[in-house]
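# Overview (structure and organization)
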Amino acid sequence: MRKRILSVVLTVLMLAAMVPSAMAATLEEINQDEVILKQQQRGTCTLASTAMMLRRAAMLNGDENWAQITEASCREAFWLSGRGLPYNFSYGEMTVGHDRLPGGQANEAVLIDLLEEHPEGIMLHAACVPHGILLTEYKDGQFYCADPSEYAEAGIIPIEEAWGTRVENSNAYWYVTSQVAQPQEKPVLPAPSVEVEDSVSDLMAPLATQETETAACLIGQALVEQNGTN
């Protein structure tokens, strides 16, 4: 019995260690359609894209209030009327910085490295369009993004389907400079382990008990038939 209890306890501890915290987020969760935003008015593509970046960063950091980060809340926090997105700003405990890209094909290697460091994505801007999008991932030779424009599909799409902004024509990006947690992996449940000795004895125990009770009942019935009831 002691061996069986120890086996159960160890299994429970293993499962608990492998299940991610309820406060953490996975890549699948930060890519959900409800996390993605469309810009509310003309000229706010960079604002909406930055809001999406901050929503995803908040989710990765376990912030249950990530959905309260919207274009409107970001406008109030850091948007400069008549000027747009500042180079450096903060939203709550998160800070954001700005940098420039080398241009052309050289942008590709820079953006791949940035996405490795920033699973929340980066706000990519092409001044020649002009248009800003949230660059989210590089996978199997393909860049993916979320485009706040009404002319682009909702959700995560290949960058070639975005409105105007491409890797080669982008000139600058904004990124989260404060710490962002890495995405949680999906838990892999261990194979079930059964103590054969314990399980066999446990399965046999009810049968043995039942046989004993049946035998006792038959003996009692025979005594009654022989001696009569009191």
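In what follows, the accompanying structure is described.

Conventions used here
- Residues numbered from 1 in each chain as written.
- Predicted model: local features only at pLDDT ≥ 70, side-chain atom pairs only at ≥ 80, totals over all residues.
- Heavy atoms only, no water.
- Helix = DSSP H or I, 4+ residues; strand = E, 2+ residues; numbered from the N terminus.
- Contact = heavy atoms within 4.5 Å.
- Areas by Shrake-Rupley, 256 points an atom, 1.4 Å probe, with all protein chains shown as cover.
- Phe/Tyr/Trp six-rings, centres within 6.5 Å; stacked < 30°, edge-to-face > 60°.
- Buried < 20%, exposed > 50% of the residue type's maximum accessible area, 1.4 Å probe, protein only.
- 1 Å grid on protein atoms, 1.4 Å probe; cavity = no way out; pocket = protein on both sides within 12 Å on 5 of 7 lines; lining within 4 Å.
- Points joined across faces, edges and corners; volume = space filled by probe spheres on them.
- Nonpolar A, V, L, I, M, F, W, Y, C, P; charged D, E, K, R; others polar.
- Arc of directions from axis to C-beta.
- Pairing = 2+ DSSP bridges.
- Axes fitted to C-alpha atoms, helices over the stretch in contact; angles between N-to-C directions.
- Patch = residues over 30% accessible without salt bridge, like charges linked within 9 Å, V, L, I, M, F, W, Y side chains within 5 Å.
- Salt bridge = Lys/Arg side-chain N within 4 Å of Asp/Glu carboxyl O.
- Lys, Arg positive; Asp, Glu negative; His and termini not counted.
- Charge placed at Lys NZ, Arg CZ, Asp CG, Glu CD.

What the protein chain contains, in helices and strands, is 6 helices and 7 strands. Tracing the protein chain from N to C terminus, the helices and strands come up as α-α-α-α-β-β-α-β-β-β-β-β-α. Looking at the protein chain alone, contacts between residues at least 24 apart form 63% of all its contacts between residues at least 6 apart. Surface summary for the protein chain: the accessible area is close to 14000 Å², and the carbon and sulfur share equals 54%.

A few words now on the side chain of His118. The residue His118 is located in the loop between helix H5 (107–117) and strand E3 (122–126) in this model. Contacts of His118, omitting those with residues within four sequence positions, involve Tyr175 and Val176.

All right, on to the packing of aromatic side chains then. Applying the stated rule across the entire model yields 6 aromatic pairs. Considering the side-chain rings of Tyr87 and Trp174, the 6.3 Å spacing of their centres and the 55° angle between planes classify their relative orientation as tilted. Taken as a pair, Tyr87 in the loop between helix H4 (71–78) and strand E1 (89–91) and Trp174 in strand E7 (residues 172–176) lie far apart in primary sequence, 87 residues in all. When its relative accessible area of 45% is taken as the criterion, Tyr87 is described as partly exposed. Seen in terms of ring centroids, Tyr138 and Phe143 are 4.6 Å apart; in terms of plane orientation they differ by 55°. Their pairing is tilted.

With that settled, consider the layout of surface pockets. If you add up the space inside the largest pocket, you get close to 570 Å³. Forming the walls of the largest pocket are 24 residues, and the residues nearest its centre are Gln39, Arg42, Gly43, Cys45 and Pro130. Within the lining of the largest pocket, the residues separate by chemical class into 12 nonpolar, 9 polar and 3 charged.

Here we take up H5. Listed in full, the buried residues belonging to H5 are Asn107, Leu111, Leu114 and Leu115. Take H5 and look down its axis: the buried residues cluster within an arc of 95°, on one side only. Summarising the geometry of H5, the exposed residues directed more than 90 degrees from the buried face are Glu116 and Glu117. Among the structural elements, E3, strand E4 (131–139), strand E5 (142–146) and E7 are those in contact with the buried residues of H5.

As a further point, take the sheet that holds E3. Through backbone hydrogen bonds, the strands of a sheet pair up, either in parallel or in antiparallel fashion. Ordered by their spatial adjacency, 7 strands build an open sheet running E1-E2-E7-E3-E4-E5-E6, and the pairing between neighbours is antiparallel. The open sheet is flanked by E1 and strand E6 (156–158), the only strands paired with a single partner. Between one strand axis and the next, the sheet turns by 35° as a mean value, whatever way the strands run. Bridge count between strand E2 (residues 94–100) and E7: 5 bridges; the pairing is antiparallel. Across the sheet, the residue bridging to Val96 is Val176, located in E7. Lying over the sheet, H5 contacts E3, E4, E5 and E7, oriented at roughly 75° with respect to E4.

Taken together, the side chains of Glu153, Glu160, Glu161 and Glu168 define an acidic patch exposed on the protein surface. Structurally, the position occupied by Glu153 is in the loop between E5 and E6. Glu153 gets classed as exposed once you look at its relative accessible area, which sits at 57%.

Right, let's get into the environment of Ala172. Structurally, Ala172 can be placed in strand E7. The class for Ala172 is buried, based on a relative accessible area of 3%. Separated by 71 residues in sequence, Ala172 and Leu101 place their C-alpha atoms 5.3 Å apart. If near-sequence neighbours (up to four positions away) are discounted, Ala172 is found in contact with His98, Asp99, Arg100, Leu101, Met123, Leu124 and His125.

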